[in-house]
Amino acid sequence: MSRMIDYGNLMHRAMRNLIKEVLTDVKANGLPGDHHFFITFDTHHPDVEIADWLRDRYPEEMTVVMQHWYDNLEVTGEGFSITLNFGDQPEPLKIPYDAIQTFVDPSVEFGLRFESPDDEDEDDFEDDDDISDETDIEVAEEPAKEAEVVSLDSFRK
């Protein structure tokens, strides 16, 4: 079998690095203007560290808001830790980038969503046990279309 370029994995890594860079800037300079983040993460990821009562309340996923008050923001290559307020009760959280499902900054209509293999149609795979770390790229039988160049300015307001 020939080697395949794993575009999906490369894109996820790049998007997670973007989150790291944004949080590193926020740690150094604070949240600018109206920027704020909604971060949804998988609470049963093995490296997530949250209080037991939060895990009981959010057994699948949890969305936190980083806006007016947060403390102890630390950013590493693997993830970040932060203390947030839950009903006047400060709680430390440790969230690896791999656990993040969505990262949204509604002040500028920016968002990232990370697809997992579970989000794919099961019909795309003959047997889930055969899924490897590499994403295979299938070549379509349709005629090739000419590439379109899209300006990023068309997505800005």
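As a starting point, this report considers the structure included with it. Residue indices begin from 1 for each chain and proceed along its sequence in written order. Reporting in this predicted model follows two pLDDT cut-offs: at least 70 for local features of residues, and 80 or more for side-chain atom pairs to be given and counted; totals over whole chains, interfaces and linings ignore these cut-offs and use all residues. Working from all heavy atoms in the structure, the side-chain values ignore hydrogens and water.

1. Brief notes about unusual backbone geometry
One non-glycine residue, D88, lies in the positive phi region at around 65 degrees. Assignment of secondary structure puts D88 in the loop between strand 4 (79–85) and strand 5 (90–96). Exposure categories follow from relative accessible area, calculated using a 1.4 Å probe and restricted to protein chains: below 20% of the type maximum is buried, above 50% is exposed, and the middle band is partly exposed. You can call D88 exposed: its relative accessible area is 72%. In this structure, E109 is a non-glycine residue whose phi angle is positive, near 55 degrees. Strands are runs of DSSP state E lasting at least two residues, helices are runs of H or I lasting at least four, and both sets are numbered from the N terminus onward.

2. Topic: helix 1 (residues 7–29)
Between its terminal C-alpha atoms helix 1 stretches 33 Å, which fits the 33 Å expected from 23 residues at 1.5 Å a residue. Of the residues making up helix 1, those classed as buried are H12, M15, R16, I19, L23 and V26. Here, two residues are considered to be in contact whenever any of their heavy atoms come within 4.5 Å of each other. In this fold, the buried residues of helix 1 make contact with strand 1 (37–42), strand 2 (61–66), strand 3 (71–75), strand 4, strand 6 (100–105) and strand 7 (110–113). Two residues or fewer past helix 1, G30 is found with a positive phi of approximately 80 degrees. For a helix, the expected span equals 1.5 Å multiplied by the number of residues minus one.

3. A short note on the sheet that holds strand 3
Strands qualify as paired when DSSP identifies two bridges or more between them. Judged by pairing direction, the sheet is antiparallel, and its three strands sit side by side in the order 3-4-5 without closing on themselves. A single partner strand is all that each edge strand has here, and the edge strands are strand 3 and strand 5. The average angle at which neighbouring strand axes cross in this sheet is 15 degrees, direction not considered. Angles here are taken between N-to-C directions and fall from 0 to 180 degrees, while the axes themselves are lines fitted to C-alpha atoms, restricted in helices to the stretch in contact. Across the face of the sheet, helix 1 comes into contact with strand 3 and strand 4 while running at roughly 140 degrees to strand 3.

4. Focus on the pairing of strand 6
The two faces of a sheet get side chains in turn, since along a regular strand they alternate between them. Relative to strand 6, strand 1 is paired through four bridges, and the arrangement is antiparallel. Pairing of F41 across the sheet is with I100, part of strand 6. In this sheet, strand 7 lies alongside strand 6 in antiparallel orientation, the contact comprising four bridges. Counterpart to F103 in the pairing with strand 7 is L112.

5. Overview of the nonpolar core
As used here, the term nonpolar core means buried Ala, Val, Leu, Ile, Met, Phe, Trp, Tyr and Cys residues forming a set that is joined through side-chain atoms within 4.5 Å. If you look at the biggest cluster of nonpolar residues, it comprises 28 residues, and the most contacted ones within it are I19, F37, F41, V64, F80, L93 and I100. The set of elements that each furnish at least two residues to this core consists of helix 1, strand 1, strand 2, strand 4, strand 5 and strand 6. Ranked by residues supplied to this core, first place goes to helix 1 with four residues. Every residue in contact with F41, bar those within four places of it in the chain, is listed here: V48, I50, E60, E61, M62, V64, I95, A99, I100 and Q101.

6. As for the side chain of T43
With respect to the helices and strands, T43 occurs in the loop between strand 1 and helix 2 (52–57). On the basis of relative accessible area, T43 is assigned to the buried category, the value being 0%. Apart from the residues within four sequence positions on either side, T43 is in contact with V48, I50, R55, Y58, P59, E60, E61 and M62.

7. Things to note about the packing of aromatic side chains
For this analysis, a ring pair means two rings from Phe, Tyr or Trp (six-membered ring only for Trp) whose centres lie within 6.5 Å, classed as stacked if their planes differ by under 30 degrees, edge-to-face if by over 60, and tilted for the remaining angles. Under the counting rule described, the total for this entry stands at two aromatic pairs. With a centroid separation of 4.9 Å and an interplanar angle of 35 degrees, the aromatic rings of F37 and F103 are classed as tilted. Note that F37 is positioned in strand 1 and F103 in strand 6, a separation of 66 residues in sequence. For F37, a relative accessible area of 3% translates into the label buried. Residues W53 and F86 carry aromatic rings whose centres are separated by 6.2 Å and whose planes lie at 90 degrees to one another, so their mutual orientation is edge-to-face. On the criterion of sequence distance, the pair formed by W53 in helix 2 and F86 in the loop between strand 4 and strand 5 is long-range, its members being 33 residues apart.

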